[in-house]
Amino acid sequence: MKRAKTPTFLIELPLRVDWSQERPLRAHLEAARCLYNALLSEANKRLHQMRHDPAWAEARAIPRTKKQERAQAFSHLRKKHHFSEYELHEYAKGARICWIADHIDSTMAQTLATRAYQAVNRVCVGKARRVRFKSRGRGIDSVEGKRNDVGMRFLLDPNAGDGGFLVWNEQVIPAIINWLDPVIQHGLRHPIKYVRLVRRRASSPQAQGADCDGNRYCVQVILEGHALTKPKHEERGSDIIGLDIGPSTLAIVPREGKADLVTFCEELAPNTRKKRRLQRQMERQRRANNPENYDEKGRVKKHGTTRLRWAESKRYQATRRQHASTERRLAAHRKSLHGKLAHKIVSVGNTIQIEKTSFKGWQKQYGRSIGLRAPGMFVAHLARIVAKTGGTLTEVSAYHTKLSQYCHHCGRYVKKPRAQRWHYCPCGLGPVQRDLYSAFLLAYLEPEQTIPSVTQHIWEGTEPCLRAVMEGLQQRANEGEHFPRSMGLLASGKAAHAGARRLQSPAYPQQELALLIEGQEALGEQQE
């Protein structure tokens, strides 16, 4: 019988690892790495056999319209070749022998089997190209159990230390618990489902809480229930909000509240000069340590099927740790800014509508912006917060709605080049900033509909709000503040000389009026 799902949240506690416990912990994780690679190899072999079965091609030839017949064909193949999660659990029983059984219990072996199956299943269904085995250098940095009564578990003992210990085999590792933290107090009142051990790289072996290899350990306690809602996040709105997400910007238009156009993680300021110097330093050290891997022109030699061996000096490892620590702090700051923006949106309304977007496709076109701003991570963060508050986040198909091409005044669809950041139509609508207009249409898009329900009365009440947003941004741009080009702002001459960017699209109707009228007439001629 399938278990009923219950709400889950987690808290993370740092561990105080003694020098005598460092070596056993590394041995446990190395055993987990070896077992995971064996399970991954077995699952990969079964997938290979299943794909080379003639019945596989026959199943793929079944039209997708016959869903039940197609699903039955693939299900029969999975049973025939024992390609399932529980079949891999059975294989894990035989693989957990000899010295591995001294380090890994049966429940942890099952979680590793599930992890390996999920990785290979992504290849099976076309969501990934290949699986990655864990090398000795990379290692495996997290392991978890299934219950808190056997194997790796977390015990509370208020009479000793800080009151909490991670128990794994013969190792009893004390956790550092701040009992004055309300989040920790709230979490430890709930029943524990299972625990997860996480290993992270520190900036150096001399960092606080790091072992001799420069690693920190912490325990993630997975609990049953709901996470603590802080008093500042208790305010929850009931408005309907449309969000238009770009690679570096976000347009927010609620039905009743104040609209806004913001830059993702505007406060995030990476030190690009420091990052570039660290990368160049690592490249020099790599070349100095491995001259045999480069040809006379300085290019990496073609190695065919044989793998090149790369030596790493201690100074190279220290530089790499420094670079990783810088990126870790940047990622933590970005996550904090994402959470702040998500809570701000939910305080206005928890019924949110966005367009379905392929963030992987954006990575190919806007790689630098996506890497810095991470809009996909923001959407995932927002979805969790909305679900926690009992709201809904709906993704509508941009292929069917085509809101960036739509004009609600005349009902026409006109394609726009990406450089055109303002919407204006020969019917007299506009100019209005393109992202704000799309978010406005999303806010008034009813479920299961492709055309927004916008009346003239609604537009007359919303247009001044959208115009006020752009006037405020335009004033800041005139003062010399930098904004992404996708906002379509036009800086004044003084600010432009100071370094502000200029675009072709006007920010106000009174600016470049002749150019605007000429563009409208040309657009009308094209439509005729």
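A.B. asks: Would you mind going over the environment of C465 with me for this structure?
C.D. replies: On the secondary structure map, C465 appears in helix α15 (residues 456-478). The exposure class assigned to C465 is partly exposed, which follows from its relative accessible area of 37%. Between the alpha carbons of C465 and E266 there is a distance of 22 Å; along the sequence they are 199 residues apart.

A.B. asks: Looking at this structure, how should I read the sheet that holds strand β2 (residues 142-144)?
C.D. replies: Note: strands within a sheet are paired through backbone hydrogen bonds, in either parallel or antiparallel orientation. An order of β1-β7-β6-β2 is seen for the four strands of this open sheet, with the pairing classed as antiparallel. Unpaired on one side and paired on the other, β1 (8-14) and β2 mark the two borders of the sheet. Each strand axis lies, on average, 20 degrees off the axis of its neighbour in the sheet, ignoring direction.

A.B. asks: How should I be thinking about unusual backbone geometry in this particular structure?
C.D. replies: In terms of backbone geometry, most residues other than glycine have negative phi values and most peptide bonds are trans. Of the consecutive residues G430 and P431, the connecting peptide bond is found in the cis state with omega at 5 degrees. With respect to the helices, strands and loops of the structure, P431 is situated in the loop between β13 (422-423) and β14 (432-433). Positive phi, normally seen in glycine, also occurs at A374, with a value near 55 degrees. Position of A374 relative to the elements: it lies in the loop between α11 (367-373) and α12 (375-388). Residue A374 is classed as buried on the basis of its relative accessible area, which comes to 9%.

A.B. asks: Mind showing me how you'd approach a positive patch on the surface here?
C.D. replies: A surface patch of like charges, here positive, comprises R273, R276, R277, R280 and R284. Positionally, R276 belongs in helix α8 (residues 272-289). By relative accessible area, R276 is classed as partly exposed at 44%.

A.B. asks: Looking at this structure, I do not really get the packing of aromatic side chains. What am I missing?
C.D. replies: Given two aromatic rings, one states the distance between the centres and the angle between the planes to describe the pair. In this structure the tally under the stated criterion is 11 aromatic pairs. Ring plane angle 55 degrees and centroid distance 5.2 Å describe the contact between F440 and W459, whose orientation is recorded as tilted. With F440 in helix α14 (residues 434-443) and W459 in helix α15, the pair connects residues that are 19 residues apart, well separated along the chain. Residue F440 is classed as buried on the basis of its relative accessible area of 0%. What links up through ring pairs into an aromatic cluster is the set Y437, F440, Y444 and W459. For R115, the ring lying beneath its charged end belongs to Y36, and the centroid distance is 5.5 Å.

A.B. asks: What am I meant to see in the environment of Q21 here?
C.D. replies: Within the secondary structure layout, Q21 lies in helix α1 (residues 19-51). Looking at Q21, the relative accessible area reads 11%, which means it is buried. Each C-alpha atom of the pair Q21 and L403 lies 59 Å from the other, and the pair is 382 residues apart in sequence. Not counting residues within four places of it along the chain, the set of residues in contact with Q21 comprises R16, Q171, V172 and I173. Within the structure, the side chain of Q21 is placed 3.0 Å from the backbone oxygen of V172, a separation counted as a polar contact.

A.B. asks: Looking at this structure, I do not really get α15. What am I missing?
C.D. replies: The periodicity of an α-helix, 3.6 residues per turn, causes residues three or four positions apart to be oriented the same way. Compared with an ideal rise of 1.5 Å per residue, which puts 23 residues at 33 Å, α15 spans 33 Å between its outermost C-alpha atoms and is within 8% of the ideal. If you look at α15, its biggest bend is around 30 degrees, right at T462, and the proline P464 turns up within four residues after that. W459, T462, L466, V469, M470, L473, Q474 and A477 are the residues of α15 that are buried. Note on α15: the residue one or two positions beyond its end, G480, has a positive phi of about 105 degrees.

Parameters at a glance
- Residues numbered from 1 in each chain as written.
- Predicted model: local features only at pLDDT ≥ 70, side-chain atom pairs only at ≥ 80, totals over all residues.
- Heavy atoms only, no water.
- Helix = DSSP H or I, 4+ residues; strand = E, 2+ residues; numbered from the N terminus.
- Buried < 20%, exposed > 50% of the residue type's maximum accessible area, 1.4 Å probe, protein only.
- Pairing = 2+ DSSP bridges.
- Axes fitted to C-alpha atoms, helices over the stretch in contact; angles between N-to-C directions.
- Patch = residues over 30% accessible without salt bridge, like charges linked within 9 Å, V, L, I, M, F, W, Y side chains within 5 Å.
- Areas by Shrake-Rupley, 256 points an atom, 1.4 Å probe, with all protein chains shown as cover.
- Salt bridge = Lys/Arg side-chain N within 4 Å of Asp/Glu carboxyl O.
- Lys, Arg positive; Asp, Glu negative; His and termini not counted.
- Charge placed at Lys NZ, Arg CZ, Asp CG, Glu CD.
- Phe/Tyr/Trp six-rings, centres within 6.5 Å; stacked < 30°, edge-to-face > 60°.
- Lys NZ or Arg CZ within 6 Å of the ring centre and 35° of its normal.
- Contact = heavy atoms within 4.5 Å.
- Polar contact = N/O pair within 3.5 Å; in protein donor to acceptor, adjacent residues only side chain to side chain.
- Expected span 1.5 Å × (residues − 1).
- Bend = angle between axes of the 7 residues up to and from the residue.

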